[in-house]
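The primary structure of each chain is shown beneath.
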Amino acid sequence: MTEKKNTLRLEPSPRMRTSASSGGKITVGLLANYADSDETRFLLTPEACGLICSSGFRIVMEPDAGIDVSFPNEAYTDAGVEIADRDVALKADVVLSYSPLREFDILKMRPDGTLLCMMDNTLFEKDVVRVMLERGVTVGCLDNMLSHNEIPVFADIIDELDGRASILYAQDRLSFLGGGKGVLLAGVAGLNPCEVLVIGEGNVECAAAMAALDAGAYVTLMNNDVSALQSARQMCGPGLNTSVIHPRALYSKVRSADVILIGNCTRPFEFPAKLTVAMKENAYVLDFNEIHPSVTVPRTVAMALSNVLVNFFEEMGAKNGFTGMMATTPGVQSGIVAYRGNLVDKLVAAYLSMPCVDLGMILAGSN
């Protein structure tokens, strides 16, 4: 497990607040992914759990929760984790789940409990949000939280892994075993490399472009903003070819590309459906808005996120629990969706046409 520089800053503070229900320690419930979902990613490795337990926390994990990341129960129990039923883990002070919980699980949480997860469409379902508010739980999305230097470190990790894993997808689909025409992305003496077209801007697209370059492909990044292309070229290096999206240029690149990866452009852009007829017969197309390639490397995801979460929980302990941490850390506040029966995320509230309360005013009123 390697160290990440973009971690939440630790600040000295009094001893950690204790929980009477856990014999003097704050409990953390570690949940498995839902069996009927395609989600495979997980938040903590056994080594990270051991470090968190040594910081004064008690971790209770659902049986076989680490199966998607190829860690058995024994690996976690050796690190100090207790194995218990899902209902027991849901009663923890802080519940960890990669995906947001469904209504029936939220109802099993403690009324003053905290759920930490990653944002997805579940949190835009009115029934889920209504149960969260009625139960009075606090819900925070890790990928919306910022580090001390205002970097969305959790989101950046997933974006980079999505981008890099997309090239694994592409190489597999181009291979004979993957049903493709049996070619490598890289070229060899006398043969040109495959062409990879990446459309969009951001960490996912740049990570995909860099991974394709590392694999030896000929890579072009297209976007509808020149300044974004300049930034991408600085990030990816001079080997990256860039082009503004114009009808003729786009048609030419789509026609010759072996791999097409579609993300979000700086300005609104929708890939023209009529261009599909111009694609090569065996071209591989992936839309980052429809799939997260990092689901194929869940162990890497767990290792990368664990680096940040170890520091995250150390700071939580130093600040007397999650409430104390949230009250004094603006970066954490930016990821809060619901706080003790109040909907505080403006985007979710606007989408569901529900009232929103300013979190800063709530915290100021409680002081």
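See the structure above.
Rules behind the numbers
Residues numbered from 1 in each chain as written. Predicted model: local features only at pLDDT ≥ 70, side-chain atom pairs only at ≥ 80, totals over all residues. Heavy atoms only, no water. Pairing = 2+ DSSP bridges. Helix = DSSP H or I, 4+ residues; strand = E, 2+ residues; numbered from the N terminus. Core = buried A, V, L, I, M, F, W, Y, C linked by side-chain atoms within 4.5 Å. Buried < 20%, exposed > 50% of the residue type's maximum accessible area, 1.4 Å probe, protein only. Axes fitted to C-alpha atoms, helices over the stretch in contact; angles between N-to-C directions. Parallel < 35°, antiparallel > 145°, perpendicular 65-115°, else oblique. Left-handed = near helix turned anticlockwise from the far one by under 90°. Contact = heavy atoms within 4.5 Å.

Re the sheet that holds strand E3 (residues 82-83)
Next, step 1: Pairing is mixed in the open sheet, where 8 strands are placed in the order E3-E2-E1-E4-E5-E6-E12-E13. Either end of the sheet is taken by a strand with one partner, and the two such strands are E3 and strand E13 (342-343).
Next, step 2: By the bridge criterion, 5 bridges tie strand E1 (residues 26-30) to strand E2 (residues 57-61) in an arrangement that is parallel. When the sheet's bridge partners are listed, Ile-26 is paired in E2 with Phe-57.

Some remarks on the nonpolar core
Next, step 1: Phe-312 and Phe-313 are the most contacted members of the largest nonpolar core, which has 51 residues in total.
Next, step 2: The element best represented in this core is helix H10 (residues 298-318), accounting for 10 residues.
Next, step 3: Ranked by size, the runner-up nonpolar core spans 29 residues in total, among them Val-95, Val-131, Cys-141 and Ala-349.

Structural notes on the pairing of strand E12 (residues 336-339)
Next, step 1: Sheet analysis places strand E6 (residues 138-141) next to E12, joined by 2 bridges and oriented antiparallel. Residue pairing for E12: Val-139 is matched across the bridge by Ala-338.
Next, step 2: Relative to E13, E12 is paired through 2 bridges, and the arrangement is antiparallel. Within E13, the residue paired with Ala-338 across the bridge is Leu-343.
Next, step 3: As consecutive antiparallel partners, E12 and E13 are separated by 2 residues, and within that stretch Arg-340 has a phi angle of approximately 50°, a positive value.

Digging into the packing of helix H6 (residues 153-174) against helix H7 (residues 203-214)
Next, step 1: Two elements in contact, H6 and H7, have axes separated by 7 Å at closest approach and are oriented at 40°. The pairing of H6 with H7 is recorded here as oblique in orientation. In this structure, H6 meets H7 at a crossing whose hand is right-handed. On H7, the residues that touch Asp-156, Asp-159, Glu-160, Asp-162, Gly-163, Arg-164, Ser-166 and Ile-167 of H6 are Asn-203, Val-204, Ala-207, Ala-208, Met-210, Ala-211, Ala-212 and Asp-214.

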